[in-house]
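Listed below, chain by chain, are the residues.
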Amino acid sequence: MTLGRDRGWVGSAPGWGGAARHSGEQRLRAGTEVTHLCMPGLAAPHPAVTLSQPRELRGGWVLPGSHCALGGAMCSREVEAALLRLEETFSASLAHVNTRILQPLLLADPEPWEPRGREHLQLLQQLLRSSQQLRQLTEQSLQSLLKRLHQPRTTGLEALPLLGSADGVLQVHLEYIESYTSCLVAQVFQQVAKGKREHWLAQCRPLQKYLAGMSFEGSVDAVLGQALCQPLAQHLQQYILLLLRLRDTLRKHHPAQELVINAITLYGNLQSFLQQALDQAVATQALGHSLSSRLKDSQDIPVTAIPLRAERVLLFDDALVLLKGPNIHSFDLRLVWVHPVQDRCMLRVVTPEDEFSLCVRDPQDLVVWQWKVSQAVCQALRGKKDFPVLGAGPAPSEPPACRSAAYTFRTKGHLCRATYEGEWYSGRPHGKGTLKWPDGRNHVGNFRWGLEHGSFGIYLVPKAIEDKFDCYKCHWQEGTMQGYGICEYSSEEVYRGYFQAGLRHGFGVLDSAPQAPQPFRYTGHWAKDQRSGYGIQEDGNSGERYIGMWQADQRNGSGVVVTQAGICYQSTFQADKMVGPGVLLSEDDSLYEGTFTKDLTPEGKGKITFPNGFTLEGWFGSGTGRGLNTQGVLDTAALPPDPSSTCKRQLGVDAFPVESRWPGVYGPFRVFMVAGCPGELQEALLGFHVQRSRVPRRAQDYLRCERSCLEDEAGRMEDALEELLCHREPAALQRYLQKALNSTWHPLGKLLRTLMLTFQATYGGFGANKHLQGMAQGEVKQHARELWAAYRGLLRVALQRKGQALEEEPEDAETRDLQVHRLMLPLVLPSFYSELFTLYLLLHEPEDALYSQGIASLSLFPDSKLLEFLDVHKHLWPLKDLRLTSNQRSSLVRDRCFLSATECLQKIITTVDPREKLEVLEKTYGEIEATVSRVLGREHKLPMDDLLPLLIYVVSRARIQHLGAEIHLIRDMMDPVHTGGLYDFLLTALESCYEHIQKGGMRLRRLPGHWDLRDLS
């Protein structure tokens, strides 16, 4: 049966718009009705058109009646001549059909009240095109037969299109059949020829000479149907008969024998297909009348739907339809899954929004219905009817569980009215797909069991402003954003970080719009879409940086504020306001402890410690003018503070324990390891990178956004774990860790880059402040410990995958720290060195200034004078190293003594690794001893009394800038195993040299007259 598209009596149920297929049997067995409908385009013939049904006999098709229906046995030449006459007749009939029926029908004006005039016109145009193609094919066949009859030796039977190109001929016939049946189902002939009976009868009468038994009784649309269908039906009958005769005339092993047998089978199936298509149209027309009368002729059938309790179940080519009174439930067959229920005569039907069961009386009916529905689903997925005819040939394949289709949801929920296009599995969106809502929202990504789920889904939310969107590029879990993601807001703010249940949660970075009135960047923790926990926010206008605790998007708890003016203060905040006492440090190292106002004016009880050591303790308040009123005690008896004591003036170290500063960064990595390091979750837990752009984009541009790296994460994770197991020896492990930390995709590399981001946000840029050095150096060590723990976790996972376990016992704190300083810290330190060393420079700037003065003063001495000034014993002077010209004196030569040691020490600034810096210092000591041994002509070990003056000489000649910062960084970052050893001894000696040079610079300015530096040059 066939239903036309968009019929008025169909309603608007999705999926109803195609026609359905019929098996050619109204009852497969007694007492059982199976209704199976077909698509428009496979329509019914006029009742007057009758076709004799062929029967199969010994592999061939024969017609009822005499075996010698064409006059007895025929030779091959006679059969070919008969085929020629058959093609001539069919071509002439098609020419009359085209010129006298189809072309005039296209010119006929539809009735003004007919709403489907345009649809009818399109169907007629398609019918005319297919008829013209069929005539062209017939003419080609005619010409090939003529050539065969005139040149039988050069033209073989395989050159005939009806034999050599049987599949192509078959396709042209199928297109004509579908075009004709579509017109018939849509009642095109009835509507176009209405009221013009005599005119169209006159147009059809010339066809009588080609069509035997053509009747002009009945309605005009019936006559037109005969004229368009009967020539093809009779032509196919004669085709089959003549091909059978041709087969009989060929010898057994003739080269064309197989081609003839194949053609007989194809044309026989085509004839059956034509009859079935016509039968389906009749059934569809009857169904149309039944539906238009609201199913007054409905009858009980043995198939029922539970729980919908449908009165009638209809199977179309593109839809499964349940009828219950005036209600229609239509289901797109491309999205219908059918499963038999074990031990019951029932089929469970799954669709995108409904599940129901089809119940039958006995198992045989169950098999029939399952076969019917499965076959119809397969055909709907292929987009065309099967050929051979339904019911012929081998058993059909099962419909695939995974499919691709588009569907618009109707029920309530977050998918209501959304159109999904993509992959499906068992009635649910499953795989890659796209969701589009009527309000402009879009989601592109992966789905699992009907929900957004998986890596990198793009969600676009339109805003009221034209072409403005919030664009979320995130990982999804069960319908919500979960894990790492990036959001580009319509306000031009950009968030990069973690989500939980669709809200910003965990670690994340929020950048304001570049042109915002108050630009900012927040780097820190979030909870339920609000800044909460430890975080850093920098004001783009003032440059002020807040480092501390947050709650509900407000500063709350301990916090440190750094200004571009060099002022740094620590206080307690509540609801974004300072409460209670705090510590205020100015750029000149003045220290205030007490309460102060928002504009950093002391107010209330407090104490000021000045750089010269004086203290002022009492009560402070604003004066009447610009001054500061105070009542208290000024203590001037204190001695000037040691410059090195500034290192004690550090903020935030106790307020923010280093272990609890960045749980939002370490946490996802720990979850990743506990989960067994699945590659598909690496991006969700450790982040991904996409191209950044501040240029406004259109909606479709957001949906095309791609990550810069699309390789298979799971495969690369497996390779990384395999490689890890092959590099467990110290030297190999160091190479592996170096490679992993430098990688942009390795978990350790991703973790390190996130830690670098937090470090730069806290200590880099204009907000760098010397009073944060203690926090920074502790944080670098903590990051090294966490990265070592991460390596151990990856090693544990790699061994577990091999069914092994770590041989070592769990590390104690001492063993862990040794491994961290020996292996991890030297590899990690370069990533943080720039910001960290800047803090050391700022912190030790006063001492380095004195050191620079001392270096400048000592550089004026010639070598011999400097050695004498430093009290170096003369027998240790390497005067033989001085190569003088005739007009030079040894007393005037500079930078020649201990030259190898000087050059060696200068290499201390070429590396950032504390261990390598200590090795440079050790080599310098070796060069000094080697020079002395050469001077003395024997091996000589320098005692401390002799070493220190020589080392001071070498340091002064090396002229290393910021030596104080270098020394303190080495001391803070060196491996604890060297404490009390040679490296510790040499570093202590270098510190003594550094202090002597500072004091030497001051002393040289007060030397007696015979040490007048002007006389030394």
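Residues numbered from 1 in each chain as written. Predicted model: local features only at pLDDT ≥ 70, side-chain atom pairs only at ≥ 80, totals over all residues. Heavy atoms only, no water.

With that out of the way, let us pick up the overall build of the chain. When helices and strands are tallied, the chain shows 24 helices and 29 strands. The 1017 residues of the chain split such that 52% are buried. For the chain, the proportion of contacts with a sequence separation of at least 24, taken over those separated by at least 6, is 55%. A total of about 47500 Å² of accessible surface is found on the chain, and carbon and sulfur atoms cover 51% of it. (Helix = DSSP H or I, 4+ residues; strand = E, 2+ residues; numbered from the N terminus. Buried < 20%, exposed > 50% of the residue type's maximum accessible area, 1.4 Å probe, protein only. Contact = heavy atoms within 4.5 Å. Areas by Shrake-Rupley, 256 points an atom, 1.4 Å probe, with all protein chains shown as cover.)

Below, the discussion takes up the packing of helix α2 (residues 117–150) against helix α4 (residues 166–185). Closest axis-to-axis distance for the α2/α4 pair is 9 Å, and the angle between their directions is 155 degrees. With respect to α4, the element α2 is oriented roughly antiparallel. Note that α2 runs across α4; the crossing there is left-handed. The residues of α4 that touch α2, namely those facing Leu-123, Leu-124, Gln-126, Leu-127, Ser-130, Ser-131, Gln-133, Leu-134 and Leu-137, are Val-169, Val-172, His-173, Glu-175, Tyr-176, Ser-179, Tyr-180, Ser-182 and Cys-183. For the contact of α2 with α4, the class distribution of residues is 10 nonpolar, 7 polar and 1 charged. (Axes fitted to C-alpha atoms, helices over the stretch in contact; angles between N-to-C directions. Parallel < 35°, antiparallel > 145°, perpendicular 65-115°, else oblique. Left-handed = near helix turned anticlockwise from the far one by under 90°. Nonpolar A, V, L, I, M, F, W, Y, C, P; charged D, E, K, R; others polar.)

So, on to helix α17 (residues 813–843). Here α17 spans only 30 Å end to end across 31 residues, well under the 45 Å set by a 1.5 Å rise per residue. Of all bends in α17, the biggest is about 70 degrees, found at Phe-832. (Expected span 1.5 Å × (residues − 1). Bend = angle between axes of the 7 residues up to and from the residue.)

Moving on to the packing of aromatic side chains. Each aromatic ring pair is described using two quantities: the centre-to-centre distance and the angle formed by the ring planes. Summed over the entire model, instances satisfying the criterion amount to 34 aromatic pairs. Ring geometry for Tyr-484 against Tyr-498: centres 5.5 Å apart, planes inclined by 80 degrees, an arrangement best described as edge-to-face. With Tyr-484 in strand β17 (residues 480–488) and Tyr-498 in strand β18 (residues 494–500), the pair connects residues that are 14 residues apart, well separated along the chain. Residue Tyr-498 is classed as buried on the basis of its relative accessible area of 11%. The lysine or arginine in question, Arg-441, covers the ring of Trp-437, its NZ or CZ lying 4.3 Å from the ring centre. Seen from the ring of Tyr-495, Arg-504 lies directly overhead, with NZ or CZ sitting 5.6 Å from the centre. (Phe/Tyr/Trp six-rings, centres within 6.5 Å; stacked < 30°, edge-to-face > 60°. Lys NZ or Arg CZ within 6 Å of the ring centre and 35° of its normal.)

Pairing of strand β26 (residues 591–596) with strand β27 (residues 602–609), which is carried by 5 bridges, proceeds in the antiparallel orientation. Within the sheet, the bridge partner assigned to Phe-596 lies in β27 and is Pro-602. Between β26 and β27, which follow one another and run antiparallel, lie 5 residues, and Leu-600 among them has a positive phi close to 65 degrees. Of the pairings in the sheet, the one linking β27 to strand β28 (residues 615–622) comprises 6 bridges and is antiparallel in character. Counted as the bridge partner of Thr-609 is Thr-615 from β28. Turn length for the β27-β28 hairpin, with the two strands adjacent in sequence and antiparallel, is 5 residues, and the turn residue Gly-613 shows positive phi of about 100 degrees. (Pairing = 2+ DSSP bridges.)

A few words now on the side chain of His-844. Positionally, His-844 belongs in the loop between α17 and α18 (845–858). Only 3.1 Å separates the side chain of His-844 from the side chain of Glu-847, close enough to count as a polar contact. Discounting residues that sit within four places of it in the chain, His-844 has contacts with Gly-964, Ala-965, His-968 and Tyr-994. (Polar contact = N/O pair within 3.5 Å; in protein donor to acceptor, adjacent residues only side chain to side chain.)

At their nearest, the axes of helix α21 (residues 914–936) and helix α23 (residues 963–973) sit 9 Å apart, and the two run at 120 degrees to each other. Judged by the angle between their axes, α21 and α23 are oblique. With respect to the hand of their crossing, α21 and α23 are arranged in left-handed fashion. Two secondary-structure elements touch here, α21 through Pro-914, Lys-917 and Leu-918 and α23 through Glu-966, Ile-970 and Met-973. Tallied by class, residues from the contact of α21 with α23 come to 4 nonpolar, no polar and 2 charged.

What follows covers the pattern of salt bridges. A complete count under the given rule lists 27 salt bridges for this structure. Between Arg-957 and Asp-863 there is a salt bridge; the shortest N-O distance is 3.1 Å. Of this pair, Arg-957 sits in helix α22 (residues 944–958) while Asp-863 sits in helix α19 (residues 863–869), and the two are 94 residues apart along the sequence. There is no split in this pair, since Arg-957 and Asp-863 are both buried. The salt bridge involving Lys-917 is made with Glu-966; its shortest N-O contact spans 2.8 Å. With a gap of 49 residues between them, Lys-917 in helix α21 and Glu-966 in helix α23 connect regions that are remote in the sequence. Across this residue pair, the class does not change: Lys-917 and Glu-966 are buried. (Salt bridge = Lys/Arg side-chain N within 4 Å of Asp/Glu carboxyl O.)

Next up on the list: the confidence of the model for the chain. The predicted coordinates should not be examined in detail at positions where pLDDT is low. For the chain, the mean per-residue pLDDT works out to 79, and 78% of the residues sit at or above 70. Scored below 50 in pLDDT, residues 690–711 shows 45 contacts in the model against residues more than four places distant or in partner chains. (pLDDT = per-residue confidence, 0-100.)

What follows concerns the nonpolar core. Ranked by internal contacts, the top residues of the largest apolar core, which has 72 residues, are Leu-737, Leu-748, Leu-794 and Leu-836. Non-local contacts of Leu-737, meaning those with residues more than four positions away in its chain, are made with Leu-748, Trp-788, Tyr-791, Met-824 and Leu-827. Counting 66 residues, the second-largest nonpolar core is a separate cluster that includes Val-97, Leu-149, Phe-189 and Leu-224. (Core = buried A, V, L, I, M, F, W, Y, C linked by side-chain atoms within 4.5 Å.)

Ordered in space as β4-β5-β6, the 3 strands form an open sheet in which the pairing is antiparallel. Looking along the sheet, the strands with just one partner apiece sit at the ends: β4 (312–315) and β6 (327–332). Between one strand axis and the next, the sheet turns through 15 degrees on average, direction left out of account. The pairing of strand β5 (residues 319–324) with β6 spans 6 bridges and is antiparallel. Within β6, the position partnered with Ala-319 by the bridge is Asp-332.

Right, let's get into helix α14 (residues 730–742). In a regular helix each residue adds 1.5 Å, so 13 residues correspond to 18 Å; α14 covers 18 Å between its end C-alpha atoms and thus fits that length. Residues Ala-732, Leu-733, Tyr-736, Leu-737, Ala-740 and Leu-741 constitute the buried set of α14. On an axial view of α14, the arc spanned by its buried residues comes to 160 degrees, and they lie on one face. For α14, the exposed residues set more than 90 degrees away from the buried face come down to Arg-735 and Lys-739. (Arc of directions from axis to C-beta.)

Position of Arg-129 among the secondary structure elements: in helix α2. Its relative accessible area of 42% is what places Arg-129 among the partly exposed residues. In this structure, the C-alpha to C-alpha distance between Arg-129 and Tyr-176, residues 47 residues apart in sequence, is 8.6 Å.

Quick look at the pairing of strand β22 (residues 545–551) now. For β22, a buried count of 5 out of 7 residues is recorded, marking the element as mostly surrounded by other parts of the structure. Pairing of strand β21 (residues 530–539) with β22 involves 6 bridges; the strand directions are antiparallel. In the strand pairing of β22, Ile-536 is matched with Ile-547. Between β21 and β22, which follow one another and run antiparallel, lie 5 residues, and Gly-543 among them has a positive phi close to 80 degrees. Of the pairings in the sheet, the one linking β22 to strand β23 (residues 554–562) comprises 6 bridges and is antiparallel in character. Looking at the pairing, Gln-551 lines up with Gln-554 of β23. In textbook terms, the turn of a hairpin is the stretch between consecutive antiparallel strands, and for β22 and β23 this stretch comprises 2 residues, one of which, Ala-552, has a positive phi near 55 degrees.

For the rest of this paragraph, the subject is a nonpolar patch on the surface. A contiguous nonpolar patch, built from Met-944, Leu-982 and Phe-985 and spanning about 240 Å² of accessible area, is present on the exposed surface. Relative to the helices and strands, Leu-982 is located in helix α24 (residues 982–1004). Classification of Leu-982 by relative accessible area gives partly exposed; the value is 40%. (Patch = residues over 30% accessible without salt bridge, like charges linked within 9 Å, V, L, I, M, F, W, Y side chains within 5 Å.)

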